[in-house]
Amino acid sequence: QGNGEILPRHNQDGVFMGMGGIDSRESVLRMTAGLFAQIMRSDQAGILLGGRYANYGERVALEDSRVFDVEHHSLVLAAFLKYYLSNSPRVFVTAGPEFAFIFSSKLSPEEQGEDIDLGEFVKSNQLFFDIGAGVEFPLGRYGAGVSVSYAMGVLDMKAMESYELVNYKPRELRVTAFWLLH
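Just so it is clear, the model here is predicted, and its values are computed rather than measured.

J.: With reference to specific residues and values, describe the overall build of the protein.
T.: When you go through the protein residue by residue, the secondary structure sums to zero helices and ten strands. Taking all 182 residues of the protein together, the buried fraction comes to 42%. Within the protein, contacts between residues at least 6 apart in sequence are counted, and of these 63% link residues at least 24 apart. Carbon together with sulfur atoms contributes 61% to the accessible area of the protein, which is approximately 9,800 Å² in total.

J.: Outline the nonpolar core, listing residues and values.
T.: Ranked by internal contacts, the top residues of the largest apolar core, which has 16 residues, are Tyr56, Leu118 and Val122. Every element with two or more residues in this core is listed here: β4 (45-62), β5 (67-84) and β6 (90-109). At four residues, the largest contribution of residues to this core is made by β4.

J.: Outline the confidence of the model for the protein, supporting the account with residue identities and numerical values.
T.: Summing up the model confidence of the protein, the mean pLDDT is 82 and the portion of residues at 70 or higher is 81%. Ranking the elements of the protein by mean pLDDT puts strand β1 (residues 2-4) last with 37 and strand β8 (residues 125-139) first with 94. Every residue in residues 1-13 scores below 50 in pLDDT, and together they form 57 contacts with partners more than four places removed in sequence or on other chains.

J.: I'd love a proper account of the pattern of salt bridges, names of residues and values included.
T.: The final tally for this structure, using the stated rule, is ten salt bridges. With its nearest N and O atoms 3.0 Å apart, the salt bridge here joins arginine 30 to aspartate 69. Here the residue arginine 30 occupies a position in strand β3 (residues 29-40), and aspartate 69 occupies one in strand β5, the gap between them amounting to 39 residues. On the basis of relative accessible area, arginine 30 is assigned to the buried category, the value being 9%. Judged by relative accessible area, aspartate 69 falls into the buried class, the value being 15%. The salt bridge partner of arginine 174 is glutamate 98, with a shortest N-O separation of 3.3 Å. Placement of the pair is arginine 174 in strand β10 (residues 171-180) and glutamate 98 in strand β6, with a sequence separation of 76 residues. Across this residue pair, the class does not change: arginine 174 and glutamate 98 are buried. Within this structure, Arg52, Glu98, Asp130, Glu172 and Arg174 form a network of salt bridges that share partners.

What counts and what doesn't
Residues numbered from 1 in each chain as written. Predicted model: local features only at pLDDT ≥ 70, side-chain atom pairs only at ≥ 80, totals over all residues. Heavy atoms only, no water. Helix = DSSP H or I, 4+ residues; strand = E, 2+ residues; numbered from the N terminus. Buried < 20%, exposed > 50% of the residue type's maximum accessible area, 1.4 Å probe, protein only. Contact = heavy atoms within 4.5 Å. Areas by Shrake-Rupley, 256 points an atom, 1.4 Å probe, with all protein chains shown as cover. Core = buried A, V, L, I, M, F, W, Y, C linked by side-chain atoms within 4.5 Å. pLDDT = per-residue confidence, 0-100. Salt bridge = Lys/Arg side-chain N within 4 Å of Asp/Glu carboxyl O.

If you want it as structure tokens, here you go:
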């Protein structure tokens, strides 16, 4: 699965983790992998339950020209409603929550330097709301598919209110390739 954020956000007056003002933020491409089970409730509708490892974050440029890669490593549990719009091809839409348990957060300087642990600055969980669409097709005895989804963090991730990082809620645009094991 491919996973990357879009939507650069600018916060000229914000202070980033006590390190200085933010000049800009930009998207980065990340990878994720997981397993899901589908429970059909009718011919067209079902529930998709599963979990995945996720690495999400962004690149932050500070006003003093230092650039950092922000990484949040997490275990994500998801429960989506899945509805098939057609049977040939099997086009579907999905929507539902994802809960992320963040087990590691760090800043990696673009230039040489040591990584900075963000554990005390970032909350250990995040709630996402996800919407998506995709298509499934036969592939030998099994099946495969592709989908696109957008997830928006609902909770503010910063753990300390003294840092004026405005609206630190992660966003993800995911392009996913998957295999179906019937």
